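Reading the structure
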Amino acid sequence: MLLPSVKEYQVTLFQTPHYGETHGYEAVYHLPIRAKNHRAALETVFRIFNVFDLLPPDFSARFVATGDIVQISKGSNKSFYRLESGGWRKIERSLVH
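Keep in mind the model is a prediction, meaning the values are calculated, not measured.

1. Describing the overall build of the protein
Across its full length, the protein carries 1 helix and 5 strands. Helices and strands in the protein line up, N terminus first, as β-β-α-β-β-β. In terms of C-alpha radius of gyration, the protein reaches 13 Å, essentially the compact-globule figure of 13 Å for 97 residues. Reported as C-alpha extents along the three principal axes, the dimensions of the protein are approximately 45 × 30 × 25 Å. For the protein, buried positions account for 40% of its 97 residues. Long-range contacts, defined as pairs at least 24 residues apart, comprise 48% of the intrachain contacts of the protein with a sequence gap of at least 6. Here the protein displays about 6200 Å² of accessible surface, and carbon together with sulfur accounts for 55% of that area. On the protein, the mean spot of the 12 positive side-chain charges and the mean spot of the 9 negative ones are 10 Å from each other.

This is the structure we're talking about:
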């Protein structure tokens, strides 16, 4: 049985200056994540940025919350996801201002 291949994605977390805002997203952290697909990468992002002991030492933004956006890149391919009350939803880049 073949195991799913793990890929390395470049991930950028975008947040607004204040929770609940819908404009003014800024990149607050960038890191590589190894995962088998985008869904697994998003789960890793949520875990890293919501468990105090897993936060990178140089991370100074807030915990990931509803409305935050994650960009997942592999080469020149970029996908954007926004955290909503029901989970991550793929969005258009135009929502990241």
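2. Description of the sheet that holds strand E2 (residues 26-35)
One open sheet holds the 5 strands; their spatial order is E2-E1-E3-E4-E5, and the pairing between them is antiparallel. Whereas interior strands pair on both sides, the edge strands pair on one side only; in this sheet they are E2 and strand E5 (87-91). Strand after strand, the sheet turns through a mean of 30 degrees between neighbouring axes, direction not considered. Sheet strands touched by helix H1 (residues 38-48): strand E1 (7-15), E2, strand E3 (69-74), strand E4 (77-84) and E5. Its angle to E2, the strand with the most contacts, is close to 120 degrees.

Conventions we followed
- Residues numbered from 1 in each chain as written.
- Predicted model: local features only at pLDDT ≥ 70, side-chain atom pairs only at ≥ 80, totals over all residues.
- Heavy atoms only, no water.
- Helix = DSSP H or I, 4+ residues; strand = E, 2+ residues; numbered from the N terminus.
- Rg over C-alpha atoms; globule rule 2.2 N^0.38 Å.
- Buried < 20%, exposed > 50% of the residue type's maximum accessible area, 1.4 Å probe, protein only.
- Contact = heavy atoms within 4.5 Å.
- Areas by Shrake-Rupley, 256 points an atom, 1.4 Å probe, with all protein chains shown as cover.
- Lys, Arg positive; Asp, Glu negative; His and termini not counted.
- Charge placed at Lys NZ, Arg CZ, Asp CG, Glu CD.
- Pairing = 2+ DSSP bridges.
- Axes fitted to C-alpha atoms, helices over the stretch in contact; angles between N-to-C directions.

That's the geometry; what it means functionally is another story.
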